[in-house]
Structure formats: C-alpha cells, structure tokens
Amino acid sequence: MFPEANKGYSYEDCKATADWLLAQTDVRPTVGIVCGSGLGGLADMLKDQVAFNYKDIPNFPQSTVHGHAGRLVFGTLKGRPCVCMQGRFHLYEGYPIHKITLPIRIFKLIGVETVMLTNAAGGLNQDFKVGDIMIIKDHLNMPGFAGINPLSGPNDERFGVRFPCMSDAYDRELQQMAMDVGQELGYGDFLKEGIYCVLGGPSFETIAESRMLHKLGVDAVGMSTVPEAIIARHCGMRVFALSLITNHAVMDYDSEEKANHEEVLQTGKQRAEQLERLVSTMVTKIEHNNNYV
Ligand SMILES: O=P(O)(O)O[C@H]1O[C@H](CO)[C@@H](O)[C@H]1O
Ligand SMILES: Nc1nc2[nH]cnc2c(=O)[nH]1
C-alpha cells in the first residue's frame, strides 16, 4: 500500500516495537519525556527503573551525539508512570526525519498521553541569559519550509489526519502550569517563554543567520524538538516543551564568543537540578486523564 520509503516506519513497525517494550515491563507510562543535550539526568529521577539500551530495542535508532546516552528508561516519578528518552535523534546525524521521530509514535502506542520535550538552545532574545529556561510557546520549522517534515509521505490515518493543525502545537494549560510551578519554586528570575526555531545543524549559526532569525522574532535556536512536537500532535498527544538557554547566539562581529557543544553540556550540568525539579513537579500535577490539578 505504501511506497518503499515507509519501510521500517509503518504503523505495524511501530506497533511491533511498542509491543516488544510492553512485554518487557509492567510500567504503563502516560507521560513521555525527551532529554535534550546534557539533560539526561532527567531520566535519573525515575524510581524503579527498567532501562533499555537503544541498541537492544527492535527497530530503534542509535544515539551518536555526546551528551545523549542512548537509553529508554521506564519508571515512576512520585508514583506516576513515565518513560524517558535519555538521548534523542537529530537530522544532522544522518537519520531520515521519519526515523528521528519514530520513538514518539512508539510513545503513543504504549499509552503515553503527554509528551514533555527538553532541549539545549542558543539564545537570540537579548533579554535572555545563559541558564534561562524558556517555555516554548510556538516554533519556526525551517527544514519544514524546504519540505523536510516528519509527516511527508503517505499518511496513515491510524496515527492522525493528513493535514494536522499546528496553531495549538504547545499545550497552553501546560505552559501556564509551568509558569505557576516555576513561581512556586522561586524560578521567576530565569523562567521565560518564547519561540523556538529548528535548523538542520550541525554547524552553529553564522552572525548573519542569527541576525535574520532574531528579526523573524525567534527567541531561541536549536536542532531538534520541532519534528517530535509535530509527530506528537499528529497522533493526539499533548505537548509541553522547554529550552535551556545554554549559550548566546552570536550576533555581533566584534564578539569573541563562539558557540560550542562543550559549553552547551556545561550549562546543562549547572541547571540540571532546577530543570529536573520543574519537570518532576509538573508530572505530579498532570492527572492520568491529563487534566491540570
Ligand atoms: O536539541 P538538543 O538535542 O538538546 O541538542 C542541542 O545541542 C546540540 C548542539 O550543542 C544540538 O544537537 C542541539 O539541537
Ligand atoms: N542551532 C543551535 N543549536 C544549539 N544548541 C545549543 N545551542 C545552540 C545554538 O546556539 N544554535
């Protein structure tokens, strides 16, 4: 029915992987978390862990980036069943876009209702400081403008509709919850909100590119998250996403700053604890029926 291009990514392929995972663990997660670069510690919050190396999961891609451990961790967070990707996949690793987002469909098929995406990103908003946490309220999908979209190719209605709406991509109730929880935790000074733009990477931005994105209203730039958000929304999961601002995107020819992955990982380490507390507190407030309590 579907062209060759769909091989390995079909509904049946995703279902086979989901069934394999469900047969290995009794945990039935309703929340799925994706850890960004250097943010893998989020997975360590889970209790009673059942963890799988990506290489042992049928049909799963492998992590190739430093700071992405390559483990799928099931467990509970204050009693709530969760699953956590300790390491995600990016276009620049050479994976087809459908492979990058495959785990999100597997999340859906194992029963996940809410997806929480985290990433490391470069700050373009001049009010942002390194170490700020930005709640993503919307995105710019640059690869999508060139036709690189995880929904390209035949549409399987068992996942969702051919033309999904994206004006409600990031759940507003969860954004409000994050703001409220952030205030309660005393994060007011470094909790921001804004627009995230995905680029293909792996090269960081030129000054001209950063200036262009800034003019377009982008607050933070990275190389992930958006394809995952699109796939999650397509199959009806709620999406919450946040960026840790790990570095400034350089916009000035006199600047000595140079974006680099080591700084990205270092900032992740410094903010890990606060980020973990924000996410874990939110998880305890998401009811199984996904209402905000
Ligand atoms: O988006 P995550 O996976 O957090 O990683 C970000 O950090 C890496 C660059 O340092 C890129 O992969 C970029 O996308
Ligand atoms: N594209 C991009 N991705 C990042 N990930 C972390 N920092 C950055 C950045 O400055 N630019």
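Residues numbered from 1 in each chain as written. Chains lettered and ligands numbered in written order. Predicted model: local features only at pLDDT ≥ 70, side-chain atom pairs only at ≥ 80, totals over all residues.

Draft legend 1. How the structure looks around the overall build of the protein chain. When its secondary structure is counted, the protein chain shows nine helices and nine strands. For the protein chain, whose C-alpha radius of gyration is 18 Å, the value lies close to the compact-globule estimate of 19 Å for 293 residues. The dimensions of the protein chain, computed from C-alpha atoms along their principal axes, are 55 × 45 × 35 Å. Of all 293 residues assigned to the protein chain, the portion counted as buried reaches 44%. Restricting the contact set of the protein chain to residue pairs at least 6 apart, pairs at least 24 apart contribute 81%. (Helix = DSSP H or I, 4+ residues; strand = E, 2+ residues; numbered from the N terminus. Rg over C-alpha atoms; globule rule 2.2 N^0.38 Å. Buried ≥ 20, exposed ≤ 12 C-beta atoms within 10 Å, placed from the backbone. Contact = placed C-beta atoms within 7 Å.)

Draft legend 2. Examining helix α6 (residues 172–184) more closely. Its 13 residues place the ends of α6 18 Å apart at the C-alpha level, agreeing with the 18 Å of an ideal helix rising 1.5 Å per residue. Within the span of α6, buried status applies to Leu174, Ala178 and Gly182. The arc that holds every buried residue of α6, seen down its axis, measures 80°, which confines them to one face. Across α6 from its buried face, at more than 90 degrees, point the exposed residues Arg172, Gln176, Gln183 and Glu184. Along its buried surface, α6 packs onto β6 (133–141), β7 (191–198), β9 (238–248) and α9 (261–285). Just past α6, the residue Gly186 takes up positive phi, approximately 80°. (Expected span 1.5 Å × (residues − 1). Arc of directions from axis to C-beta.)

Draft legend 3. Geometry of the site of ligand 2. Inspection of the region around ligand 2 gives 15 residues, with Ala120, Gly122, Gly222, Ala259 and Val264 positioned closest. Elements with a contribution of two residues or more to the shell around ligand 2: β5 (114–123), β8 (220–222) and β9. Looking at the shell around ligand 2 element by element, the count peaks at three residues for β5. The residue makeup of the shell around ligand 2, split by class, is nine nonpolar, five polar and one charged. (Near = placed C-beta within 6 Å. Nonpolar A, V, L, I, M, F, W, Y, C, P; charged D, E, K, R; others polar.)

Draft legend 4. Broad picture of the UniProt feature "binding site: phosphate" (unreviewed entry) in the protein chain. The feature "binding site: phosphate" (unreviewed entry), as annotated in UniProt, sits at Ser37, His68, Arg88, Phe89, His90, Ala120 and Ser224 in this numbering. Taken along the chain, the residues just named run across 188 residues; in space they keep tight, none of their C-alpha pairs more than 13.4 Å apart. Looking at the element boundaries, His90 is found in the loop between β4 (80–86) and α3 (97–100). For His90, the residues in contact, after removing those within four places along its chain, are Val65, Ile100, Gly201, Met223 and Ser224. A residue is classified by how many C-beta atoms lie within 10 Å of it, and Ala120, with 25 of them, is buried. In this structure Ala120 touches Gly36, Ser37, Gly38, Leu39, Gly222, Leu244, Thr246, Val264 and Gly268, once residues within four positions along its chain are discounted. (UniProt positions renumbered as here; feature names shortened; annotations may be inferred.)

Draft legend 5. Representation of the environment of Glu113. For Glu113, the position within the fold is in the loop between α4 (102–109) and β5. Separated by 29 residues in sequence, Glu113 and Cys84 have C-alpha atoms that sit 13 Å apart.

Draft legend 6. A look at the pairing of β4. Of all the seven residues making up β4, six are buried; the element is thus mostly covered by neighbouring parts of the structure. Pairing geometry for strand β1 (residues 31–34) and β4, over four bridges, is parallel. From the neighbouring strand, Val31 faces β4, where its bridge partner is Cys82. Two strands pair when backbone bridges link them, and strand β3 (residues 71–77) and β4 are joined in this way by seven bridges, in the antiparallel orientation. Across the sheet, Leu72 pairs through a bridge with Met85, a residue of β4. Count of turn residues in the β3/β4 antiparallel hairpin: two residues, of which Lys78 carries a positive phi of about 45°. (Pairing = 2+ DSSP bridges.)

Draft legend 7. Looking closely at the site of ligand 1. Around ligand 1, 13 residues are found, and the nearest of them are Gly36, Ser37, Asn119, Met223 and Ser224. When residues of the shell around ligand 1 are traced back to their parent elements, those giving at least two are β5 and α9. Considered class by class, the residues forming the shell around ligand 1 number four nonpolar, eight polar and one charged.

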